[in-house]
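# Observations on the model geometry
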Number of protein chains: 4
Amino acid sequence: MKQGTSAKEAQAFAAVLEQQGVKVHFSEGASQTVLGLVGDTTNIDEESLRAHHLVEKVIRVQAPYKRAHRQFHPENTRIDIAAPSGPDRHIGAGYLGIIAGPCSVESREQIITIAASVKQSGAGFLRGGAFKPRTSPYSFQGLGDEGLTLLLEAKKETGLPIVSELMDVKHLDGFNEVDIIQIGARNMQNFTLLKELGRCGKPVLLKRGLASTIKEFLMAAEYLIAGGNDRIVLCERGIRTFEDFTRNTLDLSAVPGLKKESHLPVIVDPSHATGLSWMVPALAKAAIAAGADGIMVEVHNNPETARCDGEQSITPADFAGLMEMIQKYAAIEGKQIA
Amino acid sequence: MKQGTSAKEAQAFAAVLEQQGVKVHFSEGASQTVLGLVGDTTNIDEESLRAHHLVEKVIRVQAPYKRAHRQFHPENTRIDIAAPSGPDRHIGAGYLGIIAGPCSVESREQIITIAASVKQSGAGFLRGGAFKPRTSPYSFQGLGDEGLTLLLEAKKETGLPIVSELMDVKHLDGFNEVDIIQIGARNMQNFTLLKELGRCGKPVLLKRGLASTIKEFLMAAEYLIAGGNDRIVLCERGIRTFEDFTRNTLDLSAVPGLKKESHLPVIVDPSHATGLSWMVPALAKAAIAAGADGIMVEVHNNPETARCDGEQSITPADFAGLMEMIQKYAAIEGKQIA
Amino acid sequence: MKQGTSAKEAQAFAAVLEQQGVKVHFSEGASQTVLGLVGDTTNIDEESLRAHHLVEKVIRVQAPYKRAHRQFHPENTRIDIAAPSGPDRHIGAGYLGIIAGPCSVESREQIITIAASVKQSGAGFLRGGAFKPRTSPYSFQGLGDEGLTLLLEAKKETGLPIVSELMDVKHLDGFNEVDIIQIGARNMQNFTLLKELGRCGKPVLLKRGLASTIKEFLMAAEYLIAGGNDRIVLCERGIRTFEDFTRNTLDLSAVPGLKKESHLPVIVDPSHATGLSWMVPALAKAAIAAGADGIMVEVHNNPETARCDGEQSITPADFAGLMEMIQKYAAIEGKQIA
Amino acid sequence: MKQGTSAKEAQAFAAVLEQQGVKVHFSEGASQTVLGLVGDTTNIDEESLRAHHLVEKVIRVQAPYKRAHRQFHPENTRIDIAAPSGPDRHIGAGYLGIIAGPCSVESREQIITIAASVKQSGAGFLRGGAFKPRTSPYSFQGLGDEGLTLLLEAKKETGLPIVSELMDVKHLDGFNEVDIIQIGARNMQNFTLLKELGRCGKPVLLKRGLASTIKEFLMAAEYLIAGGNDRIVLCERGIRTFEDFTRNTLDLSAVPGLKKESHLPVIVDPSHATGLSWMVPALAKAAIAAGADGIMVEVHNNPETARCDGEQSITPADFAGLMEMIQKYAAIEGKQIA
């Protein structure tokens with residue numbers, strides 16, 4: 001409370017707060033009184049507290065997310081995904097999800113060639129973009145529905161479950177056979193999209209917004225869980241900082257950070273984080289070493305002609321080499337490749 | 001080009017580029033060759049250039065936006081908005097747009113009281129949120145359609161044109177009588193929303209994303225213009241930095257920066273930028289001094305009970321005091337309050 | 001305290017804290033106990049608290065600076081500087097300090113020409129660098145002692161008090177007749193320099209570090225005051241963010257922020273903040289509008305041949321035009337140019 | 001060049017540039033001319049180019065550092081440090097430097113106990129601060145010379161070479177028997193310190209400034225090399241970003257980035273980067289996986305009573321566990337622990 005708040009004012013204020021379901025404890029100092037709110041503070045609106053004329057400062061001690069928090073679910077969550085052929089895939093709780101594929105689906109031949117190749121090297125999932133968010137209106141925006149169709153052919157051909165980005169609720173029907181729906185970094189706080197996916201039973205790969213804190217990231221996951229969908233894979237993909245050597249700054253401390261705060265699995269996308277293919281293997285290994293539950297890596301059979309993000313795509317040969325290393329790292333860390 | 005690229009390779013590469021509509025000039029150095037691409041480079045895909053095995057670095061000299069650029073339209077653009085009563089309002093080209101009102105519409109009485117009060121003090125536009133993007137799924141999300149209805153009543157009652165945020169294309173029908181559609185910071189790169197609004201004739205108030213560069217901000221405007229809508233007001237509202245004293249860091253250098261790069265009007269929202277009502281008047285004045293074409297300020301008749309963002313709302317009395325100062329500043333700067 | 005801390009453990013821990021001169025209040029919740037430390041917490045070491053095995057989180061409510069805080073000195077501090085001729089100059093408490101001059105002293109003619117010109121336009125202080133911090137070891141590092149000598153000649157010639165940057169304690173003797181010693185942004189946390197200047201009676205112009213929070217900035221001022229020197233002018237000069245349109249991002253919200261937290265005067269340097277001379281006038285005006293106690297501006301009679309930072313220097317003619325506007329702004333704000 | 005620059009003007013300008021030792025190539029476009037400067041551009045002053053009235057934009061293609069660049073020294077540099085007993089230690093070129101010890105030296109018993117323990121676990125170097133940079137003037141500032149004496153005793157007792165931070169040139173004499181002189185993050189651009197250490201033959205552990213780009217970091221190393229000292233170990237220790245979950249954001253992409261740009265060895269300090277001891281092992285392993293040439297880790301036998309940074313110190317037992325993992329990772333990566 002501000003200096004000069006009388007005991008009577010403070011008590012009246014506390015009484016209002018207690019009606020909102022918390023208990024209030026008083027710490028009266030020489031010059032200032034501190035009120036401690038105890039109980040479930042999820043519904044207390046910090047902003048209106050801050051605006052109150054008697055309040056000097058509001059400090060949140062409890063996390064503002066509840067169901068995404070590890071206290072709510074102390075065990076690591078494992079996401080299970082049925083594969084069209086072969087055993088189910090898992091991400092989290094000891095299982096590494098290895099997701100590989102091109103930035104965008106370009107042709108039948110391209111996606112099937114890459115899919116076969118990454119499967120051969122040990123990937124568990126195929127990624128590929130059909131709808132692409134692009135900074136410039138003049139850039140290639142993805143093949144759209146046709147891209148999804150080609151992706152499903154690659155799924156059928158190789159037996160790999162697929163991951164693809166949804167940009168708009170109106171496309172949701174086309175994602176029926178997509179195994180994991182990706183929410184891109186720019187849409188991490190697209191709340192209408194999050195609410196819609198909360199109602200949908202499909203696993204969601206939620207990418208961290210490039211200016212989002214760990215807490216906001218978990219609040220976005222909370223939107224999904226509050227809506228009824230707890231099949232979430234969190235994906236660290238770099239944050240925006242002053243450093244311009246890399247496209248973004250990969251925040252690997254988010255891996256132990258997210259895993260301490262939450263029970264949800266966490267994977268890392270070194271391709272988008274750095275924008276530089278030659279850095280991808282080093283950082284993919286680092287992600288596993290830091291405790292990630294998987295990686296998402298862009299692989300293209302011909303990065304030079306890729307219609308987007310070629311600079312960050314590694315070749316199938318590099319991916320094969322990376323997977324050999326990942327297998328060794330997984331063994332040390334006691335993890336299994338799904 | 002990378003060191004060791006042969007003259008023949010460089011020429012072959014240049015030939016491919018020239019087929020894309022640019023001219024290529026060679027600077028051959030002792031150890032490296034630099035190719036200069038001259039002409040309309042808007043359609044050249046930087047990313048695939050970067051991925052090419054002969055390319056070491058790609059540096060863009062021309063801006064990637066064309067129609068939002070001042071070269072395309074050397075005069076300042078003025079946005080005209082019909083007012084339900086009284087003369088048209090203008091923003092830009094010597095006219096200051098003063099937009100004031102509560103964060104969210106809460107009740108008929110609240111919105112009409114505030115509208116009448118800010119009009120009295122000299123505001124030209126009423127703002128109010130009906131659909132609210134909120135970080136927490138447990139926070140008040142706005143009154144929705146009912147909020148829009150109340151806002152339209154306030155418009156009718158006071159004659160002030162209104163500004164309100166659109167979060168989802170599916171709500172667009174309800175915005176028929178909204179005079180300026182606001183795109184929030186989190187949606188600045190919601191490309192499906194931008195494409196839709198490009199097709200719609202209404203003025204758009206586009207807020208800068210909190211991790212967006214000036215160039216990305218203008219690229220988002222380019223999406224709208226490329227779609228056919230050039231009635232755009234840009235709004236600087238703070239960017240995310242390491243400083244946590246304020247909610248965001250208001251980037252006032254963006255005002256002269258945007259106005260140099262582009263012909264579009266630029267306004268400033270000091271309320272969301274700082275999150276601190278006591279800072280708002282100082283920064284609102286600073287915005288006008290920096291050359292802004294207007295301000296957007298949150299005003300609430302009872303900030304303490306505001307259902308969102310009360311901490312950043314000033315009172316009608318403070319707003320009246322601010323407007324007296326703004327009038328003096330406008331006179332010095334030779335601007336007219338619309 | 002962590003969940004599971006027993007009452008006995010918490011009490012024992014509180015007893016240790018009370019021996020350090022604070023009172024401890026308990027808020028016992030259903031699952032967690034919060035201890036409130038009341039009194040002078042300046043000497044409490046947050047870091048060792050955080051490391052304690054019973055402690056889950058430490059949140060500081062009081063500011064960690066004491067003498068720089070406005071509570072310690074509720075009135076605005078005014079810095080008085082004797083001028084070699086004419087009346088004393090003041091900065092703060094209603095007086096605007098206008099500091100102008102070249103980035104670095106280059107020659108007798110250059111510095112005297114510029115000094116005479118900026119004095120003519122209304123500047124109260126002459127700035128000029130003799131020792132220059134440069135990112136590259138191959139760049140011009142300033143004229144050193146010779147530069148100081150030329151600066152003192154300009155002081156004698158024009159009667160303007162001078163401001164120059166000290167990079168190393170070993171040069172301090174040469175600064176005897178320098179009126180305000182500048183500590184550059186890179187040295188804001190050069191604690192050996194701060195301690196030395198705390199012992200020196202001269203006014204210090206302390207520039208904010210480019211990655212320093214407002215709190216760290218005031219802690220650096222606290223080093224000076226704790227050492228015995230409270231003649232401090234704080235200078236906001238831009239912080240480092242992801243935005244690369246400008247060299248740094250000028251944080252004008254720091255002006256009201258610093259003035260609310262502290263009694264010290266605050267000036268703004270738009271030249272270093274933006275690195276772009278064409279932006280300087282707009283932001284200099286904005287600084288005054290935001291409540292700054294002055295500005296520091298780079299002026300060069302021939303920016304094209306300036307040996308450093310020419311790109312950010314305005315011409316004497318532009319400075320004269322700026323001063324005309326500043327005078328109008330000062331009148332509105334009820335401030336006097338020193 | 002700006003639009004409208006005549007061919008004659010451009011040629012005259014180019015002639016001046018060529019006098020500075022570069023060759024100038026012309027790319028004349030429809031509306032603009034681009035000049036390409038070829039040759040050794042290290043001495044060209046970008047800033048004065050930018051200030052020239054004919055120049056619109058200056059873009060640097062070559063790196064501004066020369067001797068720190070890998071082109072200057074294609075092989076990885078290995079730093080050799082004589083150990084008081086046992087074989088020489090190495091950092092870089094296949095050797096991992098493992099540096100462990102307390103944040104600050106507190107007592108004879110403390111430093112010797114920790115030294116013996118980390119040696120036992122496999123550390124190659126002992127770290128310990130005698131002079132401590134502290135944000136608050138009221139915090140413990142280190143034992144000073146006494147701290148150095150105790151550190152040297154620990155060196156003698158255990159045979160471990162030592163690493164300690166130098167804050168001021170005037171303390172340099174006391175560092176005669178210190179094996180690696182550490183330059184802290186706040187001093188990375190303390191150019192007077194860098195120049196002095198350039199003249200000194202001792203290995204320098206240079207920490208990245210918390211707001212420094214990779215390029216500025218290498219420019220600071222260039223100061224040392226230009227002064228004659230190329231025995232440099234670069235240390236990534238986190239950069240400042242908006243994320244406040246960790247104290248700083250560890251930028252592991254700087255490891256492959258620095259190693260691509262430069263021949264110098266690169267180590268990682270996860271303790272200062274995160275400020276959270278429970279994150280240190282995960283990120284230490286990640287550093288090795290990302291290709292680092294070593295780690296620097298804070299170890300304290302009693303973190304709770306540590307006089308600084310206890311929160312980020314791991315226990316000797318945790319360090320022993322970490323070293324077991326590091327050994328496995330080193331084996332996979334084909335590195336040897338020095």
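Residues numbered from 1 in each chain as written. Chains lettered and ligands numbered in written order. Predicted model: local features only at pLDDT ≥ 70, side-chain atom pairs only at ≥ 80, totals over all residues.

### Describing the packing of helix H5 (residues 191–198) of chain D against helix H6 (residues 214–226) of chain D
All names here are of chain D. Contact pair H5 / H6: the axes reach a minimum separation of 7 Å and the direction vectors enclose 40°. The pairing of H5 with H6 is recorded here as oblique in orientation. Crossing of H5 against H6: the hand is right-handed. Contact residues: Phe191, Leu194, Lys195, Leu197 and Gly198 in H5; Ala220, Tyr223, Leu224 and Ala226 in H6. Split into classes, the residues belonging to the contact of H5 with H6 amount to seven nonpolar, one polar and one charged. (Axes fitted to C-alpha atoms, helices over the stretch in contact; angles between N-to-C directions. Helix = DSSP H or I, 4+ residues; strand = E, 2+ residues; numbered from the N terminus. Parallel < 35°, antiparallel > 145°, perpendicular 65-115°, else oblique. Left-handed = near helix turned anticlockwise from the far one by under 90°. Contact = placed C-beta atoms within 7 Å. Nonpolar A, V, L, I, M, F, W, Y, C, P; charged D, E, K, R; others polar.)

### A closer look at the relation of the copies chain A and chain C
Rotating chain A by 180° and moving it 0.0 Å along the rotation axis overlays it on chain C with an RMSD of 0.1 Å. The transformation just described matches what one would write down for a two-fold rotation axis. Using C-alpha coordinates, one finds that chain A approaches the rotation axis most closely at A:Phe242, a distance of 2.0 Å. Both copies share a contact surface, since 100% of the interface residues of chain A are interface residues in chain C too. (Least-squares fit on C-alpha atoms with pLDDT ≥ 70 in both.)

### What to know about the pairing of strand S12 (residues 294–298) of chain A
Residues and elements named next belong to chain A. Judged by how many residues are buried, S12 sits mostly within the fold: five of five residues are covered. Judged by which residues are buried, S12 turns out to be covered on both faces: Gly294, Met296 and Glu298 on one side and Ile295 and Val297 on the other are all buried. Where strand S5 (residues 95–101) and S12 come together, five bridges link them in parallel fashion. Across the sheet, residue Ile99 finds its bridge partner in S12, namely Met296. (Buried ≥ 20, exposed ≤ 12 C-beta atoms within 10 Å, placed from the backbone. Pairing = 2+ DSSP bridges.)

### Topic: the interface of chain D and chain A
Contacts between chain D and chain A engage 30 residues on the former and 30 residues on the latter. Contributions of two or more residues to the side of chain D that touches chain A are made by helix H7 (254–261), helix H9 (280–289) and helix H10 (316–333) of chain D. At five residues, the largest contribution of residues to the side of chain D that touches chain A is made by H9(D). Class assignment for the residues of the side of chain D that touches chain A results in 17 nonpolar, eight polar and five charged.

### So, the confidence of the model for chain A
In low-pLDDT segments, the atomic positions of the prediction should not be examined closely. For chain A, the average pLDDT comes to 92, and 99% of its residues sit at 70 or higher. This prediction of the complex comes with two scores: 0.92 for pTM and 0.91 for ipTM. (pLDDT = per-residue confidence, 0-100.)

### Focus on the domain arrangement of chain A
It is common to give the size of an interface as the accessible area that goes away when the parts come together. On domain assignment, one finds that chain A holds domain 1 (7–51) and domain 2 (71–337). Domain 1 of chain A and domain 2 of chain A are separated by 43 Å when their C-alpha centres are compared. (Domains from an automatic or database assignment.)

### Describing helix H7 (residues 254–261) of chain C
A large share of H7(C) lies buried, amounting to seven of its eight residues. Those residues of H7(C) hidden inside the fold are in contact with helix H9 (280–289) of chain B together with helix H6 (214–226), strand S10 (232–236), strand S11 (266–268) and helix H9 (280–289) of chain C.

### What to know about the interface of chain A and chain C
Facing 16 residues of chain A, the contacting portion of chain C comprises 16 residues. Elements supplying a minimum of two residues to the side of chain A that touches chain C: strand S1 (23–28) and strand S2 (33–38) of chain A. Split by residue class, the side of chain A that touches chain C holds six nonpolar, six polar and four charged.

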